[in-house]
Structure formats: structure tokens, C-alpha cells
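# Structural overview for review
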Amino acid sequence: LVGTKPAPQLAKAAGPGGEGGLADLEKRLSKQLADAIAEKRIDIEMDRRGLVISIREAGSFPAGSSDLSDAAHALLRELRSVLTEVGNFVRIEGHTDDVPIHTARFASNWELSTARATNVIAFLLESPALRPDHFSAAGYAEYHPRVPNESDANRARNRRVDIVILNPGANAADPPRTPAAP
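Residues numbered from 1 in each chain as written. Predicted model: local features only at pLDDT ≥ 70, side-chain atom pairs only at ≥ 80, totals over all residues. Heavy atoms only, no water.

The next subject is the side chain of Asn149. Positionally, Asn149 belongs in the loop between β4 (135–139) and α5 (152–158). In this structure the side chain of Asn149 is engaged in a polar contact, spanning 2.8 Å, whose partner is the side chain of Asn158. With residues up to four places along the chain from it excluded, the contact list for Asn149 reads Asp97, Asp98, Asn154, Arg155 and Asn158. (Helix = DSSP H or I, 4+ residues; strand = E, 2+ residues; numbered from the N terminus. Polar contact = N/O pair within 3.5 Å; in protein donor to acceptor, adjacent residues only side chain to side chain. Contact = heavy atoms within 4.5 Å.)

All right, on to the sheet that holds strand β2 (residues 50–56) then. Spatially, the five strands line up as an open sheet ordered β1-β2-β5-β3-β4, and their pairing is mixed. Edge strands, defined here as strands with exactly one partner in the open sheet, are β1 (42–47) and β4. Sheet twist, expressed as the mean angle between neighbouring strand axes with direction ignored, is 20 degrees. The sheet strands contacting helix α4 (residues 109–124) are β3 (90–95), β4 and β5 (160–166), and the helix crosses β4 at an angle near 160 degrees. (Pairing = 2+ DSSP bridges. Axes fitted to C-alpha atoms, helices over the stretch in contact; angles between N-to-C directions.)

Our next topic: the packing of aromatic side chains. Under the defined criterion, the tally for this structure stands at one aromatic pair. Aromatic side chains Trp110 and Tyr143 sit 5.2 Å apart centroid to centroid with 25 degrees between the ring planes, which places their arrangement in the stacked category. Of the two residues, Trp110 sits in helix α4 while Tyr143 sits in the loop between β4 and α5, which places them 33 residues apart along the sequence. (Phe/Tyr/Trp six-rings, centres within 6.5 Å; stacked < 30°, edge-to-face > 60°.)

In an α-helix, one turn spans 3.6 residues, which is why side chains three or four residues apart end up on the same side. Helix length check: helix α3 (residues 70–83), at 14 residues, gives a terminal C-alpha distance of 20 Å against a target of 20 Å (1.5 Å per residue), a fit within 8%. For α3, the set of buried residues is Ala72, Leu75, Leu76, Leu79, Arg80, Val82 and Leu83. The arc enclosing the buried residues of α3, seen along the axis, measures out at 155 degrees, which places them on a common side. (Expected span 1.5 Å × (residues − 1). Buried < 20%, exposed > 50% of the residue type's maximum accessible area, 1.4 Å probe, protein only. Arc of directions from axis to C-beta.)

Structural data, given as C-alpha cells:
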């Protein structure tokens with residue numbers, strides 16, 4: 001966009017000193033969302049991609065549905081306010097367990113995981129302060145489990161939507177394409 005200044009990006013997670021953009025954001029979110037973490041509705045962790053905020057299915061989506069619950073709306077409102085302060089690219093990833101689904105709405109876990117990710121983005125982008133060109137959605141179905149799908153408890157952990165605030169290095173590895181000039 002001509003005449004617009006790019007939003008600042010948080011720095012990659014800091015080294016031994018523990019200082020730096022995403023590491024500081026992780027600490028801040030851990031305090032701000034302590035109740036949701038204690039209730040096991042979300043998990044927050046750093047990985048090689050950046051800061052990952054995992055929203056568990058329980059309490060966020062009805063089973064086999066992509067509709068956000070009222071509790072999910074409240075949680076996403078809090079996250080949306082934080083994301084307006086962050087210039088990093090954000091990927092929303094939908095995940096399911098390995099139990100096959102086949103309903104009138106979803107033919108497979110691919111459709112369910114993608115619909116959940118898309119609904120989270122749609123809700124977040126109701127804020128005009130967020131840049132849609134900094135968001136992407138991905139559906140991974142059951143193929144990126146957190147833990148082996150060997151029990152009901154493990155399957156429940158795998159049913160989630162991850163909000164990944166990408167560190168600059170992760171975004172550079174997979175940059176968005178710039179449209180060619182007419």
C-alpha cells in the first residue's frame with residue numbers, strides 16, 4: 001500500500017536473557033489468560049515457528065461443529081486486543097483427533113479443521129485494527145497431533161485451534177506472494 005507504514009514486528013524469541021518480543025508477549029499473555037490456562041481451555045508455548053496459543057475444543061466449539069461458543073468469543077476478544085498491538089504474521093491452524101467425521105456439513109476432518117480455523121479468523125478480523133493480509137488459515141485434520149490419539153483424554157488435547165504468532169524467521173521461510181503489477 002502506498003503511503004502506509006508497515007506494522008512493527010516483534011522480535012524473535014530472545015536467548016538466555018529471556019528478553020525480547022515474543023518471549024515478553026508469552027509472559028504477558030500467560031498472566032492475562034491465567035484463568036483460561038488453569039481451566040485447561042488454552043495452552044501457550046513457544047516453538048520454532050513462534051508463539052502458539054492453543055484453544056482447546058472443549059468449551060470453544062460444540063463437538064463436530066465449527067461454530068464458536070460464547071466462551072470462545074470472549075477469549076478471542078481478549079486475544080484480538082493483543083493482536084492489534086502485534087505486527088507479526090499470524091497463522092490460524094485447525095486440528096482434529098483421528099476419529100472420522102462424516103456429517104451433512106463436514107465430509108471429513110479436513111473440512112472441520114479448516115472451517116474452525118476460518119471461523120476464528122473471521123471473528124478476529126471483525127476488528128478493523130487487524131490487517132487481513134497478515135493472517136492465514138490452515139486445516140491439518142488429524143495429521144498434526146499434539147499427543148498420540150490413544151485415549152479419550154489425548155484425543156481431546158488434539159482437538160484444538162492454534163493461533164501461531166509467527167516469528168520473523170518463520171515468516172521469511174514462507175513469505176506471502178506479492179501480486180504482480182498490472
